[in-house]
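If you want the building blocks of each chain, they are given just below.
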Amino acid sequence: MKQTTVLISGAGVAGPALAYWLARSGFRPTVVERSAGQRSSGNPVDVRGDAMDVVTRMGALPRLRAAATRVSAMDFVNASGRRVGRIPVGRTDGSELEVPRADLASVLHDAASGDAEFVFGDSIADLRQDPDGVDVTFDRGAPRRFDLVVGTDGLHSAVRRMLFGPESGYVRHLGMYVATVQLGYQADDPTAVLMYNLPGRSVSVHPVNGNAMAAFIFRSPAIAGLDHRDADACKQVVLDAYQGGGWELPRLLASVSDTDDLYFDSVSRVRLPAWSRGRVALLGDAASCMSLFGNGSSLAISGAATLARALAATPGDHVAGFRAYEAEHRVRVRPTQHGRLIAGALLVPATRAGIAARDLAVRVLGRSPAPAA
Ligand SMILES: Cc1cc2nc3c(=O)[nH]c(=O)nc-3n(C[C@H](O)[C@H](O)[C@H](O)COP(=O)(O)OP(=O)(O)OC[C@H]3O[C@@H](n4cnc5c(N)ncnc54)[C@H](O)[C@@H]3O)c2cc1C
(Lines give C-alpha, C1' and ligand atoms only; values in the text may rest on other atoms or scores of the structure.)
Protein backbone atom coordinates (compact mmCIF):
# COMPACT_ATOMS: atom_id res chain seq x y z
CA MET A 1 0.00 0.00 0.00
CA LYS A 2 1.23 3.54 -0.81
CA GLN A 3 2.51 5.37 2.26
CA THR A 4 0.70 8.61 3.12
CA THR A 5 3.09 11.53 2.61
CA VAL A 6 2.99 14.38 5.14
CA LEU A 7 4.79 17.70 4.81
CA ILE A 8 5.56 19.31 8.17
CA SER A 9 6.52 23.01 8.19
CA GLY A 10 8.91 23.86 11.05
CA ALA A 11 11.58 21.83 12.86
CA GLY A 12 11.18 23.38 16.33
CA VAL A 13 9.65 21.21 19.04
CA ALA A 14 6.35 20.03 17.52
CA GLY A 15 7.67 19.31 14.00
CA PRO A 16 10.37 16.71 14.77
CA ALA A 17 8.19 15.05 17.42
CA LEU A 18 5.37 14.71 14.89
CA ALA A 19 7.77 13.38 12.23
CA TYR A 20 8.99 10.72 14.67
CA TRP A 21 5.51 9.49 15.59
CA LEU A 22 4.17 9.63 12.02
CA ALA A 23 7.10 7.56 10.75
CA ARG A 24 6.53 5.04 13.54
CA SER A 25 2.90 4.75 12.37
CA GLY A 26 3.79 4.04 8.72
CA PHE A 27 3.50 7.56 7.26
CA ARG A 28 6.23 9.20 5.15
CA PRO A 29 7.06 12.59 6.75
CA THR A 30 9.13 15.43 5.29
CA VAL A 31 10.04 18.38 7.53
CA VAL A 32 10.92 21.75 5.96
CA GLU A 33 12.62 24.29 8.26
CA ARG A 34 13.28 27.91 7.40
CA SER A 35 16.54 28.16 9.37
CA ALA A 36 19.68 26.83 7.77
CA GLY A 37 20.35 24.40 10.63
CA GLN A 38 19.66 23.66 14.24
CA ARG A 39 21.18 25.81 16.93
CA SER A 40 22.45 24.46 20.21
CA SER A 41 21.27 26.99 22.76
CA GLY A 42 18.14 28.96 23.53
CA ASN A 43 15.49 29.73 26.09
CA PRO A 44 15.03 27.02 28.66
CA VAL A 45 11.62 25.34 28.34
CA ASP A 46 9.89 22.68 30.40
CA VAL A 47 9.13 19.07 29.53
CA ARG A 48 6.51 17.78 31.93
CA GLY A 49 3.28 15.80 32.31
CA ASP A 50 2.20 13.78 29.25
CA ALA A 51 5.24 15.06 27.32
CA MET A 52 7.59 13.22 29.69
CA ASP A 53 5.90 9.96 28.79
CA VAL A 54 6.14 10.81 25.06
CA VAL A 55 9.89 11.61 25.13
CA THR A 56 10.50 8.50 27.23
CA ARG A 57 8.82 6.35 24.56
CA MET A 58 10.96 8.11 21.94
CA GLY A 59 14.11 7.00 23.77
CA ALA A 60 15.07 10.68 24.12
CA LEU A 61 15.08 10.89 27.91
CA PRO A 62 18.80 10.17 28.59
CA ARG A 63 19.93 12.94 26.23
CA LEU A 64 17.34 15.36 27.56
CA ARG A 65 18.45 14.66 31.13
CA ALA A 66 22.04 15.35 30.10
CA ALA A 67 21.02 18.67 28.48
CA ALA A 68 18.71 19.75 31.33
CA THR A 69 19.47 22.72 33.56
CA ARG A 70 19.74 22.24 37.33
CA VAL A 71 17.46 25.13 38.24
CA SER A 72 15.36 24.55 41.35
CA ALA A 73 14.68 28.06 42.69
CA MET A 74 14.02 31.65 41.73
CA ASP A 75 15.60 34.36 43.88
CA PHE A 76 14.12 37.86 43.82
CA VAL A 77 16.78 40.55 44.27
CA ASN A 78 16.56 44.30 44.89
CA ALA A 79 18.38 47.14 43.14
CA SER A 80 21.55 46.51 45.13
CA GLY A 81 21.48 42.77 44.48
CA ARG A 82 20.31 41.70 47.95
CA ARG A 83 18.07 38.62 47.94
CA VAL A 84 14.58 39.58 49.13
CA GLY A 85 12.74 36.27 48.60
CA ARG A 86 12.95 32.82 47.07
CA ILE A 87 10.43 30.44 45.50
CA PRO A 88 11.01 26.86 44.39
CA VAL A 89 10.58 26.29 40.64
CA GLY A 90 10.20 23.03 38.76
CA ARG A 91 10.59 19.60 40.32
CA THR A 92 13.84 18.08 41.36
CA ASP A 93 12.50 14.48 41.55
CA GLY A 94 13.13 13.85 37.83
CA SER A 95 9.43 13.93 36.90
CA GLU A 96 10.00 17.03 34.77
CA LEU A 97 12.95 18.67 33.05
CA GLU A 98 14.00 22.15 32.01
CA VAL A 99 15.95 22.03 28.75
CA PRO A 100 17.26 24.80 26.45
CA ARG A 101 14.72 24.95 23.63
CA ALA A 102 17.24 24.40 20.86
CA ASP A 103 18.73 21.37 22.65
CA LEU A 104 15.21 19.96 22.92
CA ALA A 105 14.61 20.56 19.20
CA SER A 106 17.95 18.98 18.37
CA VAL A 107 17.33 15.83 20.44
CA LEU A 108 13.86 15.42 18.89
CA HIS A 109 15.33 15.94 15.41
CA ASP A 110 17.95 13.27 16.00
CA ALA A 111 15.29 10.83 17.18
CA ALA A 112 13.27 11.40 13.98
CA SER A 113 15.96 11.92 11.36
CA GLY A 114 16.57 8.21 10.63
CA ASP A 115 13.00 7.78 9.35
CA ALA A 116 12.00 11.26 8.16
CA GLU A 117 13.34 13.62 5.50
CA PHE A 118 14.53 17.00 6.84
CA VAL A 119 15.04 19.98 4.50
CA PHE A 120 16.73 22.99 6.14
CA GLY A 121 16.93 26.51 4.70
CA ASP A 122 13.60 26.42 2.85
CA SER A 123 10.01 27.39 3.42
CA ILE A 124 6.56 26.80 1.95
CA ALA A 125 5.73 29.59 -0.51
CA ASP A 126 2.20 28.44 -1.39
CA LEU A 127 -0.28 25.61 -0.86
CA ARG A 128 -3.08 24.48 -3.17
CA GLN A 129 -5.25 21.63 -1.95
CA ASP A 130 -7.69 19.56 -4.01
CA PRO A 131 -9.71 16.48 -3.00
CA ASP A 132 -6.74 14.14 -3.52
CA GLY A 133 -3.70 16.02 -2.24
CA VAL A 134 -1.82 19.29 -1.67
CA ASP A 135 0.43 20.95 -4.25
CA VAL A 136 3.22 22.83 -2.49
CA THR A 137 5.67 25.37 -3.86
CA PHE A 138 8.78 26.32 -1.90
CA ASP A 139 10.93 29.44 -1.70
CA ARG A 140 13.94 27.47 -2.95
CA GLY A 141 13.19 23.81 -3.72
CA ALA A 142 11.17 22.33 -6.58
CA PRO A 143 7.37 22.04 -6.22
CA ARG A 144 6.08 18.78 -4.69
CA ARG A 145 2.77 17.13 -3.94
CA PHE A 146 1.84 15.66 -0.54
CA ASP A 147 -1.18 13.86 0.86
CA LEU A 148 -1.29 16.05 4.00
CA VAL A 149 0.43 19.18 5.38
CA VAL A 150 0.90 20.16 9.05
CA GLY A 151 2.00 23.64 10.13
CA THR A 152 4.32 23.46 13.15
CA ASP A 153 5.93 26.79 12.28
CA GLY A 154 5.33 28.56 15.57
CA LEU A 155 3.62 31.72 16.80
CA HIS A 156 3.92 33.50 13.43
CA SER A 157 2.98 30.43 11.36
CA ALA A 158 2.98 30.91 7.60
CA VAL A 159 0.84 27.79 7.09
CA ARG A 160 -1.79 29.27 9.42
CA ARG A 161 -1.78 32.50 7.40
CA MET A 162 -2.34 30.49 4.21
CA LEU A 163 -5.25 28.64 5.85
CA PHE A 164 -6.95 31.27 7.96
CA GLY A 165 -5.66 34.68 6.79
CA PRO A 166 -3.63 37.36 8.62
CA GLU A 167 -2.61 37.09 12.29
CA SER A 168 -4.75 40.04 13.37
CA GLY A 169 -7.80 37.72 13.30
CA TYR A 170 -6.62 35.31 16.02
CA VAL A 171 -3.27 36.36 17.57
CA ARG A 172 -3.80 38.61 20.60
CA HIS A 173 -1.07 40.71 22.22
CA LEU A 174 -1.27 40.06 25.97
CA GLY A 175 0.18 43.39 27.08
CA MET A 176 3.79 42.23 27.44
CA TYR A 177 6.93 41.80 25.39
CA VAL A 178 9.79 39.38 25.98
CA ALA A 179 13.40 39.59 24.92
CA THR A 180 16.22 37.16 25.65
CA VAL A 181 19.95 37.31 25.10
CA GLN A 182 22.75 34.89 25.85
CA LEU A 183 25.36 36.36 28.17
CA GLY A 184 28.33 34.18 27.23
CA TYR A 185 29.35 33.41 30.80
CA GLN A 186 28.39 30.96 33.50
CA ALA A 187 26.05 32.04 36.31
CA ASP A 188 27.54 31.87 39.83
CA ASP A 189 24.77 29.56 41.09
CA PRO A 190 23.62 26.93 38.55
CA THR A 191 20.50 26.16 40.60
CA ALA A 192 18.89 29.61 40.92
CA VAL A 193 17.30 32.07 38.52
CA LEU A 194 17.87 35.66 39.73
CA MET A 195 15.05 38.12 39.11
CA TYR A 196 14.95 41.89 39.57
CA ASN A 197 11.85 44.02 39.08
CA LEU A 198 11.03 47.57 38.18
CA PRO A 199 7.33 48.51 38.01
CA GLY A 200 5.91 46.62 35.02
CA ARG A 201 9.30 45.16 34.12
CA SER A 202 11.34 42.12 35.11
CA VAL A 203 14.81 41.06 34.17
CA SER A 204 16.14 37.66 35.11
CA VAL A 205 19.41 35.81 34.72
CA HIS A 206 18.86 32.15 34.06
CA PRO A 207 21.79 29.75 34.54
CA VAL A 208 21.44 27.81 31.26
CA ASN A 209 24.29 25.27 31.36
CA GLY A 210 27.49 27.24 31.07
CA ASN A 211 25.93 30.10 29.08
CA ALA A 212 23.62 32.18 31.26
CA MET A 213 20.70 33.89 29.60
CA ALA A 214 19.02 37.19 30.44
CA ALA A 215 15.27 37.47 29.93
CA PHE A 216 13.50 40.82 29.85
CA ILE A 217 9.70 40.70 30.27
CA PHE A 218 7.91 44.02 30.34
CA ARG A 219 4.39 45.34 30.18
CA SER A 220 3.54 47.44 27.16
CA PRO A 221 0.62 47.89 24.84
CA ALA A 222 1.25 46.65 21.30
CA ILE A 223 3.80 48.96 19.68
CA ALA A 224 2.36 50.01 16.35
CA GLY A 225 4.55 49.22 13.38
CA LEU A 226 7.20 47.30 15.37
CA ASP A 227 8.45 44.26 13.44
CA HIS A 228 9.85 41.58 15.79
CA ARG A 229 12.44 40.72 13.09
CA ASP A 230 13.84 44.30 13.03
CA ALA A 231 16.71 43.67 15.48
CA ASP A 232 17.82 47.29 15.86
CA ALA A 233 14.32 48.57 16.55
CA CYS A 234 13.69 45.77 19.08
CA LYS A 235 17.00 46.43 20.87
CA GLN A 236 16.04 50.08 21.23
CA VAL A 237 12.66 49.16 22.74
CA VAL A 238 14.41 47.04 25.39
CA LEU A 239 17.08 49.68 26.13
CA ASP A 240 14.42 52.38 26.53
CA ALA A 241 12.21 50.20 28.76
CA TYR A 242 15.00 49.41 31.26
CA GLN A 243 16.93 52.67 31.21
CA GLY A 244 18.04 53.85 34.68
CA GLY A 245 17.36 50.56 36.48
CA GLY A 246 19.63 49.12 39.19
CA TRP A 247 21.16 45.70 39.92
CA GLU A 248 23.14 44.34 36.97
CA LEU A 249 21.07 46.16 34.38
CA PRO A 250 23.89 48.26 32.88
CA ARG A 251 25.88 45.08 32.13
CA LEU A 252 22.82 43.16 30.88
CA LEU A 253 21.75 46.02 28.61
CA ALA A 254 25.27 46.16 27.19
CA SER A 255 24.77 42.51 26.16
CA VAL A 256 21.53 43.52 24.42
CA SER A 257 23.36 46.28 22.53
CA ASP A 258 26.20 43.99 21.50
CA THR A 259 24.34 40.83 20.50
CA ASP A 260 23.55 39.79 16.95
CA ASP A 261 21.12 37.16 18.27
CA LEU A 262 18.39 38.93 20.27
CA TYR A 263 15.14 37.03 20.65
CA PHE A 264 12.27 39.52 20.82
CA ASP A 265 8.54 39.03 20.51
CA SER A 266 5.17 39.98 21.84
CA VAL A 267 3.73 37.71 24.53
CA SER A 268 0.70 36.49 22.62
CA ARG A 269 -2.21 34.13 22.65
CA VAL A 270 -3.33 32.23 19.57
CA ARG A 271 -6.94 31.12 19.57
CA LEU A 272 -8.49 29.51 16.49
CA PRO A 273 -11.98 28.11 15.96
CA ALA A 274 -10.50 25.06 14.18
CA TRP A 275 -7.04 23.54 13.82
CA SER A 276 -7.46 22.12 10.32
CA ARG A 277 -8.99 22.81 6.97
CA GLY A 278 -9.22 19.97 4.48
CA ARG A 279 -5.84 18.28 4.20
CA VAL A 280 -3.91 20.88 6.21
CA ALA A 281 -3.68 21.02 10.03
CA LEU A 282 -1.85 23.05 12.70
CA LEU A 283 0.05 21.90 15.80
CA GLY A 284 2.06 23.53 18.59
CA ASP A 285 2.29 27.31 18.91
CA ALA A 286 0.87 27.66 15.38
CA ALA A 287 -2.45 26.26 16.65
CA SER A 288 -2.67 27.31 20.28
CA CYS A 289 0.10 29.47 21.61
CA MET A 290 0.10 31.06 25.04
CA SER A 291 3.66 32.28 24.78
CA LEU A 292 5.79 32.17 27.93
CA PHE A 293 3.13 31.13 30.41
CA GLY A 294 1.40 28.29 28.57
CA ASN A 295 3.48 25.11 28.87
CA GLY A 296 3.90 25.36 25.09
CA SER A 297 6.82 22.98 24.61
CA SER A 298 5.16 20.15 26.53
CA LEU A 299 1.91 20.72 24.66
CA ALA A 300 3.78 20.66 21.34
CA ILE A 301 5.24 17.24 22.23
CA SER A 302 2.07 15.65 23.59
CA GLY A 303 0.04 17.12 20.70
CA ALA A 304 2.44 15.57 18.17
CA ALA A 305 1.95 12.09 19.59
CA THR A 306 -1.82 12.63 19.74
CA LEU A 307 -2.04 13.81 16.12
CA ALA A 308 0.02 10.89 14.79
CA ARG A 309 -2.04 8.40 16.78
CA ALA A 310 -5.34 9.94 15.61
CA LEU A 311 -4.29 9.81 11.93
CA ALA A 312 -3.05 6.22 12.28
CA ALA A 313 -6.37 5.22 13.84
CA THR A 314 -8.40 6.57 10.90
CA PRO A 315 -6.62 5.27 7.77
CA GLY A 316 -7.69 7.07 4.60
CA ASP A 317 -9.88 9.52 6.58
CA HIS A 318 -7.72 12.51 7.51
CA VAL A 319 -10.81 14.60 8.37
CA ALA A 320 -11.77 12.16 11.13
CA GLY A 321 -8.13 11.96 12.26
CA PHE A 322 -7.75 15.75 12.50
CA ARG A 323 -11.07 15.99 14.33
CA ALA A 324 -10.10 13.33 16.91
CA TYR A 325 -6.69 15.02 17.47
CA GLU A 326 -8.31 18.40 18.04
CA ALA A 327 -10.97 17.04 20.41
CA GLU A 328 -8.37 15.27 22.58
CA HIS A 329 -5.67 17.93 22.54
CA ARG A 330 -7.92 20.95 23.14
CA VAL A 331 -8.70 19.46 26.56
CA ARG A 332 -4.99 19.77 27.45
CA VAL A 333 -4.60 23.24 25.96
CA ARG A 334 -7.65 24.94 27.45
CA PRO A 335 -6.52 25.27 31.12
CA THR A 336 -3.17 26.81 30.11
CA GLN A 337 -4.90 29.70 28.42
CA HIS A 338 -5.89 31.09 31.85
CA GLY A 339 -2.62 30.87 33.85
CA ARG A 340 -1.05 34.06 32.56
CA LEU A 341 -2.69 36.49 35.00
CA ILE A 342 -1.20 34.73 38.05
CA ALA A 343 2.20 34.31 36.38
CA GLY A 344 2.16 37.94 35.21
CA ALA A 345 1.29 39.24 38.71
CA LEU A 346 4.04 37.14 40.30
CA LEU A 347 6.82 37.78 37.80
CA VAL A 348 6.00 41.26 36.48
CA PRO A 349 4.09 43.26 39.14
CA ALA A 350 2.80 46.45 37.55
CA THR A 351 3.60 48.87 40.40
CA ARG A 352 6.12 49.45 43.22
CA ALA A 353 3.40 48.48 45.72
CA GLY A 354 2.81 45.29 43.72
CA ILE A 355 6.51 44.41 43.85
CA ALA A 356 6.59 45.00 47.62
CA ALA A 357 3.46 42.89 48.14
CA ARG A 358 4.90 40.08 46.01
CA ASP A 359 8.19 40.13 47.92
CA LEU A 360 6.34 40.05 51.25
CA ALA A 361 4.16 37.14 50.11
CA VAL A 362 7.22 35.22 48.92
CA ARG A 363 9.00 35.81 52.26
CA VAL A 364 5.97 34.71 54.28
CA LEU A 365 5.48 31.60 52.15
CA GLY A 366 9.18 30.85 52.42
CA ARG A 367 8.88 30.79 56.23
CA SER A 368 5.73 28.62 56.30
CA PRO A 369 6.16 25.03 57.40
CA ALA A 370 5.56 22.51 54.63
CA PRO A 371 1.91 21.36 54.49
CA ALA A 372 1.26 17.94 56.05
CA ALA A 373 1.25 15.17 53.44
C1 LIG B 1 11.43 33.35 26.15
C2 LIG B 1 10.57 32.12 26.07
C3 LIG B 1 10.50 31.29 27.16
C4 LIG B 1 9.68 30.15 27.11
N5 LIG B 1 9.62 29.36 28.21
C6 LIG B 1 8.87 28.25 28.17
C7 LIG B 1 8.81 27.36 29.30
O8 LIG B 1 9.43 27.60 30.34
N9 LIG B 1 8.05 26.26 29.21
C10 LIG B 1 7.35 25.95 28.07
O11 LIG B 1 6.69 24.92 28.03
N12 LIG B 1 7.37 26.75 27.00
C13 LIG B 1 8.10 27.90 27.01
N14 LIG B 1 8.14 28.72 25.95
C15 LIG B 1 7.29 28.40 24.78
C16 LIG B 1 7.92 27.34 23.90
O17 LIG B 1 9.20 27.74 23.45
C18 LIG B 1 7.01 27.10 22.69
O19 LIG B 1 5.68 26.91 23.13
C20 LIG B 1 7.44 25.89 21.91
O21 LIG B 1 8.74 26.09 21.42
C22 LIG B 1 6.46 25.63 20.77
O23 LIG B 1 6.99 24.68 19.88
P24 LIG B 1 6.62 24.75 18.33
O25 LIG B 1 7.37 23.63 17.71
O26 LIG B 1 5.17 24.86 18.15
O27 LIG B 1 7.19 26.13 17.82
P28 LIG B 1 8.70 26.63 17.79
O29 LIG B 1 9.51 25.96 18.82
O30 LIG B 1 8.61 28.11 17.78
O31 LIG B 1 9.23 26.13 16.37
C32 LIG B 1 8.76 26.66 15.16
C33 LIG B 1 9.80 26.34 14.08
O34 LIG B 1 9.26 26.72 12.81
C35 LIG B 1 10.26 27.40 12.07
N36 LIG B 1 9.59 28.26 11.12
C37 LIG B 1 8.96 29.43 11.36
N38 LIG B 1 8.40 29.90 10.23
C39 LIG B 1 8.69 29.00 9.26
C40 LIG B 1 8.36 28.92 7.89
N41 LIG B 1 7.66 29.89 7.29
N42 LIG B 1 8.80 27.85 7.18
C43 LIG B 1 9.53 26.86 7.79
N44 LIG B 1 9.87 26.89 9.10
C45 LIG B 1 9.43 27.95 9.82
C46 LIG B 1 11.07 28.13 13.12
O47 LIG B 1 12.36 28.46 12.66
C48 LIG B 1 11.11 27.11 14.25
O49 LIG B 1 12.19 26.23 14.12
C50 LIG B 1 8.92 29.84 25.95
C51 LIG B 1 9.02 30.69 24.85
C52 LIG B 1 9.80 31.80 24.90
C53 LIG B 1 9.86 32.71 23.71
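This text follows the structure it describes.
Here's what I pulled together on the structure shown here. Keep in mind the model is a prediction, meaning the values are calculated, not measured. (Residues numbered from 1 in each chain as written. Predicted model: local features only at pLDDT ≥ 70, side-chain atom pairs only at ≥ 80, totals over all residues. Heavy atoms only, no water.)

**Description of the site of the ligand**
Here is step 1 of the chain: Taken together, 30 residues lie around the ligand, and Ala14, Glu33, Ser123, Asp285 and Ser297 are the ones closest in.
Here is step 2 of the chain: The backbone of Ala14 places a nitrogen or oxygen atom 2.8 Å from an oxygen atom of the ligand.
Here is step 3 of the chain: When the free accessible area of the ligand is taken as 1,000 Å², the share hidden by the protein chains comes to 87%.
Here is step 4 of the chain: Breaking the shell around the ligand down by element, the ones donating at least two residues are β2 (28-33), β3 (44-47), β12 (171-182) and α9 (296-313).
Here is step 5 of the chain: The residue inventory of the shell around the ligand, partitioned by class, reads eleven nonpolar, 13 polar and six charged. (Near = heavy atom within 4 Å. Polar contact = N/O pair within 3.5 Å; in protein donor to acceptor, adjacent residues only side chain to side chain. Areas by Shrake-Rupley, 256 points an atom, 1.4 Å probe, with all protein chains shown as cover. Helix = DSSP H or I, 4+ residues; strand = E, 2+ residues; numbered from the N terminus. Nonpolar A, V, L, I, M, F, W, Y, C, P; charged D, E, K, R; others polar.)

**Some points on the nonpolar core**
Here is step 1 of the chain: Core analysis: the biggest nonpolar cluster contains 72 residues, and Leu18, Val55, Leu104, Ile124, Val136 and Ile301 have the highest contact counts within it.
Here is step 2 of the chain: With nine residues, α9 is the largest single contributor of residues to this core.
Here is step 3 of the chain: Leaving out residues up to four positions away in the same chain, Val55 has contacts with Val47, Ala60, Leu61, Leu64, Leu108 and Ile301. (Core = buried A, V, L, I, M, F, W, Y, C linked by side-chain atoms within 4.5 Å. Buried < 20%, exposed > 50% of the residue type's maximum accessible area, 1.4 Å probe, protein only. Contact = heavy atoms within 4.5 Å.)

**Some thoughts on the pattern of salt bridges**
Here is step 1 of the chain: Inspection of the entire model under this criterion finds 19 salt bridges.
Here is step 2 of the chain: Arg48 serves as the salt-bridge partner of Glu96, at 3.3 Å between the closest nitrogen and oxygen. Pair noted here: Glu96 is in the loop between β5 (83-88) and β6 (97-100) and Arg48 is in the loop between β3 and α2 (50-57), with a separation of 48 residues, a long-range link.
Here is step 3 of the chain: Among the ionic pairs, Arg229 bridges to Asp227, the shortest N-O distance being 3.2 Å.
Here is step 4 of the chain: Accessibility expressed as a relative area gives 31% for Asp227, which makes it partly exposed.
Here is step 5 of the chain: Taken together, the shared-partner salt bridges connect Asp50, Arg309, Glu328 and Arg332 into one network. (Salt bridge = Lys/Arg side-chain N within 4 Å of Asp/Glu carboxyl O.)

As far as function goes, none of this settles anything; it's purely spatial.
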